[in-house]
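Examination of the molecular architecture
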Amino acid sequence: MARTTLRAEDVRRIALGLPGTVEKELWGHPTFHVHGRMYITVPDDGTSFAVRCPRHERAELIASEPHKFWVPAHEAHSSWVRARLSALEDASELYDILLDSWHQAAPPDLTETFAPKDR
């Protein structure tokens, strides 16, 4: 089975489908926010994206799938991780990653009332 080619537009489509999300351009590229908290960026040339990831989980994530996830040196002290779009299996995996980041940024009253739909 052929791997789906994911693009930055897929990140945008999924992100804007999550409750309370707004898109803002910062640093010359798209960023996505929920209730004023950024939870996704699409830096550089649109071949990757960055999401929130607790630092205590990040090292294990990168070690388990270094072809998918990494952290640039200038972001080493942040609670973010980058993912390569070309390394993801499909839109379902992308959705799960973006939803997890959204949950970390969204207020509890919003996350408690949101029931994800089929992708």
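Here the structure is a predicted model, which is why all the values come from computation and not from measurement. (Residues numbered from 1 in each chain as written. Predicted model: local features only at pLDDT ≥ 70, side-chain atom pairs only at ≥ 80, totals over all residues. Heavy atoms only, no water.)

Considering the layout of surface pockets
- Approximately 190 Å³ is the volume attributed to the second largest pocket.
- Lining the second largest pocket are 13 residues, with Cys53, Leu61, Phe69, Ile97 and Asp100 sitting closest to its centre.
- Of all the elements in the fold, those that place two or more residues in the lining of the second largest pocket are strand S4 (48-52), helix H2 (55-64) and helix H3 (91-105).
- Considering every element that reaches the lining of the second largest pocket, the biggest residue donor is H3, with five residues. (1 Å grid on protein atoms, 1.4 Å probe; cavity = no way out; pocket = protein on both sides within 12 Å on 5 of 7 lines; lining within 4 Å. Points joined across faces, edges and corners; volume = space filled by probe spheres on them. Helix = DSSP H or I, 4+ residues; strand = E, 2+ residues; numbered from the N terminus.)

Considering the pairing of strand S6 (residues 80-84)
- Of all five residues in S6, four are buried; the element is thus mostly enclosed.
- By the bridge criterion, five bridges tie S4 to S6 in an arrangement that is antiparallel. Within S6, the residue paired with Phe49 across the bridge is Ala83.
- Relative to S6, strand S5 (residues 69-70) runs antiparallel, the two being bridged by two bridges. Bridge pairing in S6 links Trp70 to Arg82. (Buried < 20%, exposed > 50% of the residue type's maximum accessible area, 1.4 Å probe, protein only. Pairing = 2+ DSSP bridges.)

Side note on the packing of helix H1 (residues 8-16) against H3
- Taken N-terminus to C-terminus, the directions of H1 and H3 make an angle of 55°; their axes are 10 Å apart at the nearest point. As the angle between them shows, H1 and H3 are arranged oblique. Crossing hand, H1 versus H3: right-handed. Counting all contacts with H1, which are made through Asp10, Val11, Arg13, Ile14 and Ala15, the residues of H3 involved are Ala91, Leu94, Tyr95 and Leu98.
- The class makeup of the residues in the contact of H1 with H3 is seven nonpolar, no polar and two charged. (Axes fitted to C-alpha atoms, helices over the stretch in contact; angles between N-to-C directions. Parallel < 35°, antiparallel > 145°, perpendicular 65-115°, else oblique. Left-handed = near helix turned anticlockwise from the far one by under 90°. Contact = heavy atoms within 4.5 Å. Nonpolar A, V, L, I, M, F, W, Y, C, P; charged D, E, K, R; others polar.)

Details of the nonpolar core
- Residues Val11, Tyr39, Ile40, Phe49, Leu94, Leu98 and Trp102 are the most contacted members of the largest nonpolar core, which totals 28 residues.
- Of all the secondary structure elements, the ones that give two or more residues to this core are H1, strand S2 (29-34), strand S3 (37-41), S4, S6 and H3.
- When residues of this core are assigned to their parent elements, the largest contribution, seven residues, is made by H3.
- Excluding residues within four positions of it along the chain, Trp102 makes contact with Leu18, Pro19, Thr21, Val34, Tyr39, Leu110, Thr111 and Phe114. (Core = buried A, V, L, I, M, F, W, Y, C linked by side-chain atoms within 4.5 Å.)

Some words on the sheet that holds S2
- Pairing is antiparallel across the open sheet formed by six strands, whose spatial order is S1-S2-S3-S4-S6-S5. The open sheet has two edge strands, strand S1 (21-26) and S5, and neither has a second partner.
- In the sheet, S2 pairs with S3 via four bridges, with the strands oriented antiparallel. Of the residues in S3, the one forming a bridge with Phe32 is Ile40.
- Against the sheet, H1 touches S1, S2, S3 and S4, its axis set at about 140° to S1.
- Lying on the sheet, H2 is in contact with S5 and S6; it crosses S6 at an angle near 20°.

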